Amino acid sequence: MEKKILFPQVGGFVHGGDYNPEQWLDRPDILEEDVRLMKKAGMNSATLGVFSWSVLEPREGEFHFQWLEDIIERLYQNGIYTVLATPSGARPAWLDEAYPEAMRVDEMGLRAHHGGRHNHCMSSPIYREKTAIIDRKLAERFGSHPGVIMYHISNEFSGECFCPHCAGKFRAYLEEKYDHDIEKLNAAWWTAFWSHRYNSFEQIEPPFVHGETSVMGLNLEWKRFTTWNTNDFMQAEIDALRSVTPDVPVTANFMRLFGGLDYRKMAPALDAISWDNYPPFHNDRETLGETMVETAFHHAVMRSLKRGKPFMMMESAPGLVNWQAVNKVKRPGVHRLACLQAAACGSDTVQYFQWRKGRGSYEQFHGAVVDHLGTDDTRIFREVAEVGELLKKIAPAAGTLVKTKAALLFDWDNRWAIDDAKAFAQATKRYGSTCSDIWKAFFRLGVDMDVVGSDENLDDYDVVVAPMLFMLQPGTAANLKAFVERGGQLLATYCTGYVNEEQLCFLGGFPGDGLKDLFGIISEEIDTFYPSDRNGIRLTDGTIWEVRDYAEILRVQDAEVLGTYTEDFYQGGAALTCRAFGKGKAYYVAARTDGARMESLFEKMLTDAGIPVRRLPEGVECHVRTGESGSYAFYLNNTLEAVSLPGITGRDLVTDREVAGELTLPACGVAVVHTAAE
Ligand code: GLA
Ligand code: ZN
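Residues numbered from 1 in each chain as written. Chains lettered and ligands numbered in written order. Predicted model: local features only at pLDDT ≥ 70, side-chain atom pairs only at ≥ 80, totals over all residues. Heavy atoms only, no water.

A. Here's a closer look at the coordination of the zinc ion (ligand 2). For the zinc ion (ligand 2), the full set of protein donor atoms is C121 (SG), C161 (SG), C163 (SG) and C166 (SG), at a range of 2.2 to 2.3 Å. Coordination geometry of the zinc ion (ligand 2): the four donor atoms subtend angles of 102 to 120 degrees at the metal centre, consistent with an arrangement described as tetrahedral. We note that the donor set of the zinc ion (ligand 2) lies within a single chain, spaced as C-x39-C-x1-C-x2-C. By relative accessible area, which is 1% here, C166 ends up buried. (Donors = N, O, S within 2.8 Å, 3.2 Å for Na, K, Ca; no water. Tetrahedral: all angles 85-135°; square planar, octahedral: opposite > 155°, others 65-115°. Buried < 20%, exposed > 50% of the residue type's maximum accessible area, 1.4 Å probe, protein only.)

Shown next, in the form of structure tokens:
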């Protein structure tokens with residue numbers, strides 16, 4: 001079997017984080033102490049250079065690399081590997097002064113002033129040139145150093161730029177997409193509406209807020225273009241690095257279900273997926289268990305962006321953050337839970353932002369392994385060091401994978417289309433949380449769903465849920481039909497198949513593109529509720545599911561009706577249907593109901609698909625990683641009570657003890673139960 005471990009040099013889990021020695025160059029004592037403390041905390045990696053440009057190149061063309069070389073070398077001598085970042089996430093003042101075009105233009109057409117970060121123009125030729133120069137120099141100087149194990153491209157790509165360069169590129173992108181034929185674009189964008197026809201591509205502008213925002217096709221292409229252009233920028237950085245050191249793997253840190261970029265389009269250019277994980281621990285809305293399961297969903301999103309490879313948790317806060325509405329410290333034991341959860345979900349790394357708290361500026365109070373106190377005898381430091389020990393104990397699990405037979409479909413363009421559609425109720429569309437709610441319901445049934453795109457190959461799955469698949473990509477309907485035909489259990493919901501990939505409505509009945517035949521229904525109307533409105537779905541066994549927000553009125557053509565509405569003028573009308581198709585089944589839930597209420601239906605789908613269902617006590621979480629050395633079941637007790645779980649055998653790598661039937665976990669306890677491969 002192919003070795004999947006992300007970092008063979010480390011031979012196990014990477015334990016590291018963002019390290020900013022450039023903030024401490026006048027304190028060699030501190031830099032020296034850092035290495036001692038990192039070793040004490042069980043760290044084997046540091047991420048260097050994320051925002052170091054103004055120190056690496058203090059004046060145009062004047063490069064200062066010696067300090068970085070000294071640090072990379074010293075870390076390496078002490079068993080600490082470097083993840084080396086390119087510095088393009090923030091620009092030195094000299095650069096913006098000399099080349100104002102590097103600064104982004106906003107949706108009002110206003111050029112930004114120098115400052116902040118994550119705000120460069122993605123198209124500016126001079127910014128790309130300056131970035132490529134420093135990237136190449138970094139690769140030349142450090143890329144072959146045995147301590148450098150990965151490149152980290154820029155930081156948290158995000159945002160849009162409306163400058164003339166970007167607008168020009170947008171037009172070129174459109175010309176190519178629509179075969180240089182403006183009439184094709186006019187047709188795709190339905191521009192006869194409100195007299196919005198274009199005579200030439202030159203007339204097209206990005207969707208300025210005080211300009212054209214009423215053409216859905218334009219808005220959608222702008223989002224797609226922003227992903228494309230960000231990808232193009234990222235690729236230019238990757239090319240610069242690869243031209244010198246083709247073999248060093250690259251990543252770029254993502255942010256949950258970030259709305260601005262279609263990560264699925266960016267993933268192929270990267271050797272590994274990494275993301276920054278900052279759950280709002282101990283908030284006033286959720287239990288710890290709920291916060292953890294929400295995080296597990298986001299791990300699943302990241303894991304699924306590159307199936308067949310571990311991912312990386314590139315950042316997480318050792319203690320607290322500084323940017324949430326309320327910045328609460330993690331309670332004792334929660335750091336261990338959060339770190340083990342990342343590993344449980346398929347990450348080969350546990351990395352932090354940040355290693356040491358800086359003295360000033362925006363993030364001076366952001367949590368770090370080393371506090372302003374500067375010592376190793378703090379609670380946070382001890383908890384981090386404990387995680388370091390733990391990661392060593394579970395090292396054999398690195399490189400193994402979370403595998404599943406169930407998938408949830410989530411598409412970024414679908415989300416953009418739903419959010420932009422002038423329909424329904426803006427406040428309750430909630431595509432993302434509708435998806436995560438269903439994912440969590442499956443998780444409570446012991447199923448760790450992948451989160452994949454609607455056009456992805458579904459051969460690995462036997463159960464697929466496609467919530468609110470409003471926009472159908474070309475081929476999606478055929479993909480879903482083929483899935484059901486070969487025996488898959490499929491569930492779709494209200495708001496399915498209204499528009500095609502151009503955001504043009506399907507004619508002849510929703511869900512379009514032939515899906516109405518797969519489900520055997522037509523959705524004739526959709527009723528949008530006020531927040532206090534309720535309806536219900538009465539199932540054939542008498543159970544009632546509460547309905548909120550949305551209810552479609554169905555015309556049943558060829559499907560079994562499993563549930564009907566309890567109220568309103570469509571009382572008695574079909575609300576839950578099932579159609580046997582080929583060897584599988586296609587379910588349609590016409591109204592919004594909580595994932596928790598639908599658990600009985602999900603359980604039936606799983607059982608029919610031969611996927612075992614397993615319920616754990618409230619607040620207890622389990623993920624399984626498997627590989628050639630066997631399987632590793634990670635148990636997390638996200639509660640403040642001890643729990644005992646029956647029916648578990650194997651060796652717990654955390655306690656190094658055999659578990660013979662019953663596993664007991666203390667409050668916030670963790671276990672990693674290994675069973676050897678047969
Ligand atoms: C992001 C950034 C980091 C840092 C952290 C703080 O994830 O990538 O540079 O600002 O947030 O939480
Ligand atoms: Zn621009």
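B. How the structure looks around the site of ligand 1. Ligand 1 sits among F51, R117, N155, E156, D276, Y278, E315, W323, F353, E363 and H366. One of the side-chain N or O atoms of R117 is found 2.9 Å from an oxygen atom in ligand 1. Taking H366, its side chain carries an N or O atom lying 2.6 Å from an oxygen atom of ligand 1. Bound to the protein, ligand 1 loses 96% of the 310 Å² it would expose on its own. Classifying every residue of the shell around ligand 1 gives four nonpolar, two polar and five charged. (Near = heavy atom within 4 Å. Polar contact = N/O pair within 3.5 Å; in protein donor to acceptor, adjacent residues only side chain to side chain. Areas by Shrake-Rupley, 256 points an atom, 1.4 Å probe, with all protein chains shown as cover. Nonpolar A, V, L, I, M, F, W, Y, C, P; charged D, E, K, R; others polar.)

C. Just the layout of surface pockets, in detail. When its volume is computed, the largest pocket comes out at roughly 990 Å³. Lining the largest pocket are 37 residues; nearest its centre among them are K440, F443, R444, G446 and V620. Elements with a minimum of two residues in the lining of the largest pocket: α10 (288–305), α14 (431–444), β22 (620–627) and β23 (630–637). Sorting elements by how many residues they give to the lining of the largest pocket places β22 first, with five residues. If you go around the second largest pocket, you meet 25 residues; those closest to its centre are Q23, F51, R117, S361 and E363. Take the lining of the second largest pocket: its biggest share by element is three residues, from helix α2 (residues 53–56). Its residues placed into classes, the lining of the second largest pocket shows eight nonpolar, 12 polar and five charged. (1 Å grid on protein atoms, 1.4 Å probe; cavity = no way out; pocket = protein on both sides within 12 Å on 5 of 7 lines; lining within 4 Å. Points joined across faces, edges and corners; volume = space filled by probe spheres on them. Helix = DSSP H or I, 4+ residues; strand = E, 2+ residues; numbered from the N terminus.)

D. Molecular detail of the packing of aromatic side chains. Counted according to the given criterion, the structure contains 36 aromatic pairs. Between W189 and Y198, the aromatic rings sit 6.2 Å apart at their centres with planes inclined by 80 degrees, giving edge-to-face as the arrangement. Summarising the burial analysis for this pair, W189 and Y198 share the class buried. Pairing Y565 with Y570 gives two aromatic rings, centres 5.0 Å apart and planes at 85 degrees, and the pair type is edge-to-face. Both residues of the pair, Y565 and Y570, belong to the buried class. By way of ring pairs, the aromatic residues F162, F170, Y173, F208, W222, F225 and W228 are connected into one cluster. A cation over a ring is seen here: R91 above Y127, with NZ or CZ 6.0 Å from the ring centre. Residue placement shows R356 over the ring face of W24; its charged tip is 5.8 Å from the ring centre. (Phe/Tyr/Trp six-rings, centres within 6.5 Å; stacked < 30°, edge-to-face > 60°. Lys NZ or Arg CZ within 6 Å of the ring centre and 35° of its normal.)

E. View of the packing of helix α11 (residues 334–344) against helix α12 (residues 379–393). Contact pair α11 / α12: the axes reach a minimum separation of 9 Å and the direction vectors enclose 35 degrees. Relative to α12, the crossing made by α11 is right-handed. For the pair α11 and α12, the contacting residues are V334, H335, R336, C339 and L340 in the first and E383, V384, E386, V387 and L390 in the second. (Axes fitted to C-alpha atoms, helices over the stretch in contact; angles between N-to-C directions. Left-handed = near helix turned anticlockwise from the far one by under 90°. Contact = heavy atoms within 4.5 Å.)

F. Spotlight on the state of the cysteines. Tallied over the entire structure, the rule returns zero disulfides. Here C505 stays free of any disulfide, with the sulfur of C495 as its closest cysteine sulfur at 11 Å. By relative accessible area, which is 52% here, C505 ends up exposed. (Disulfide = S-S within 2.5 Å.)

G. Representation of the pattern of salt bridges. Under the criterion given, the structure shown has 51 salt bridges. For E389, the salt bridge goes to K392, with nearest N and O atoms at 3.5 Å. With E389 and K392 both in helix α12 and three residues apart, the pair spans about one turn of that helix. Between K604 and D608 there is a salt bridge whose closest N-O contact spans 2.8 Å. Here D608 and K604 lie together in helix α17 (residues 599–608), a separation of four residues that amounts to about one turn. Salt bridges linked by common partners bring R264, R307, D411, E456 and D460 together as one network. (Salt bridge = Lys/Arg side-chain N within 4 Å of Asp/Glu carboxyl O.)

H. Geometry of empty space enclosed by the protein. Taken as a whole, this structure holds three cavities of 30 Å³ or more when the rule is applied. Its boundaries defined by the atoms lining it, the largest cavity holds a volume of some 160 Å³. Taken together, 15 residues make up the lining of the largest cavity; nearest its centre are P279, F281, A317, G319 and K330. Grouping the constituent residues of the lining of the largest cavity by class yields nine nonpolar, four polar and two charged. One number sums up the size of the second largest cavity: a volume of about 40 Å³.

I. Summary view of unusual backbone geometry. Cis peptide bonds are those with omega within 30 degrees of zero, and the linkage from F353 to Q354 qualifies with 15 degrees. Its location among the elements puts Q354 in the loop between β9 (347–352) and α12. Of note in this structure, W190 is not a glycine but carries a positive phi near 55 degrees. Inspection of the secondary structure puts W190 in the loop between α7 (182–189) and α8 (216–242).

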